[in-house]
Amino acid sequence: QVQLVESGGGLVQAGGSLRLSCAASGRTFSSYAMGWFRQAPGKEREFVAAISWSGGSTYYADSVKGRFTISRDNAKNTVYLQMNSLKPEDTAVYYCAAKRSFTRVPILSNEYDYWGQGTQVTVSS
């Protein structure tokens, strides 16, 4: 069982930056691939970024490539999402998710086993 707690959301102007954190419980964090997803009002949850158990592989949605960076610190049981050059269309609730795997780094939400409660990111124009 893994519990995930996101933090770092807030209100920021367009062009600004935020760093989201997702802290995981348990002693097996390093055996999980981790992902970030987001859901805007009236829209389906969408993939943002994912990282392998070691941090050696990362994947991004086209809409955030070059602006967002996913990273992890296995010693701190934490995964991060650095968001730069934020746009109003990045406004959403951001969720982190965990999938126990040494081989897969899913980009589909239904492949993840555990989810956090979400943190709101609002980008004003």
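Each value, and the rule that gives it
Residues numbered from 1 in each chain as written. Predicted model: local features only at pLDDT ≥ 70, side-chain atom pairs only at ≥ 80, totals over all residues. Heavy atoms only, no water. Pairing = 2+ DSSP bridges. Helix = DSSP H or I, 4+ residues; strand = E, 2+ residues; numbered from the N terminus. Axes fitted to C-alpha atoms, helices over the stretch in contact; angles between N-to-C directions. Phe/Tyr/Trp six-rings, centres within 6.5 Å; stacked < 30°, edge-to-face > 60°. Buried < 20%, exposed > 50% of the residue type's maximum accessible area, 1.4 Å probe, protein only. Lys NZ or Arg CZ within 6 Å of the ring centre and 35° of its normal.

Caption draft 1: Quick look at the sheet that holds strand β7 (residues 68-73). Here four strands make up an open sheet; going across it, the order is β1-β3-β8-β7 and the pairing antiparallel. Two strands bound the open sheet, and with one partner strand each, they are β1 (4-7) and β7. Each strand of the sheet is rotated relative to its neighbour by a mean of 15°, with strand direction disregarded.

Caption draft 2: Region of interest: the packing of aromatic side chains. A complete count under the given rule lists six aromatic pairs for this structure. Here F37 and W115 contribute two aromatic rings whose centre-to-centre distance is 5.1 Å and whose plane-to-plane angle is 55°, an arrangement assigned as tilted. Of this pair, F37 sits in strand β4 (residues 32-39) while W115 is found in strand β10 (residues 114-115), placing the two residues 78 residues apart along the sequence. Overall, W115 belongs to the partly exposed group, its relative accessible area being 27%. Note on W53 and F102: the rings are 5.2 Å apart at their centroids and 80° apart in plane angle, and the pair reads as edge-to-face. Pair noted here: W53 is in the loop between β5 (46-51) and β6 (58-60) and F102 is in the loop between β9 (92-100) and β10, with a separation of 49 residues, a long-range link. Using a relative accessible area of 33% as the deciding quantity, one classes W53 as partly exposed. Relative accessible area serves as the criterion here: at 52%, F102 is assigned to the exposed category. Taken together through their ring pairs, the aromatic side chains of F37, F47, Y112 and W115 make up a single cluster. For R45, the ring lying beneath its charged end belongs to Y95, and the centroid distance is 3.9 Å.

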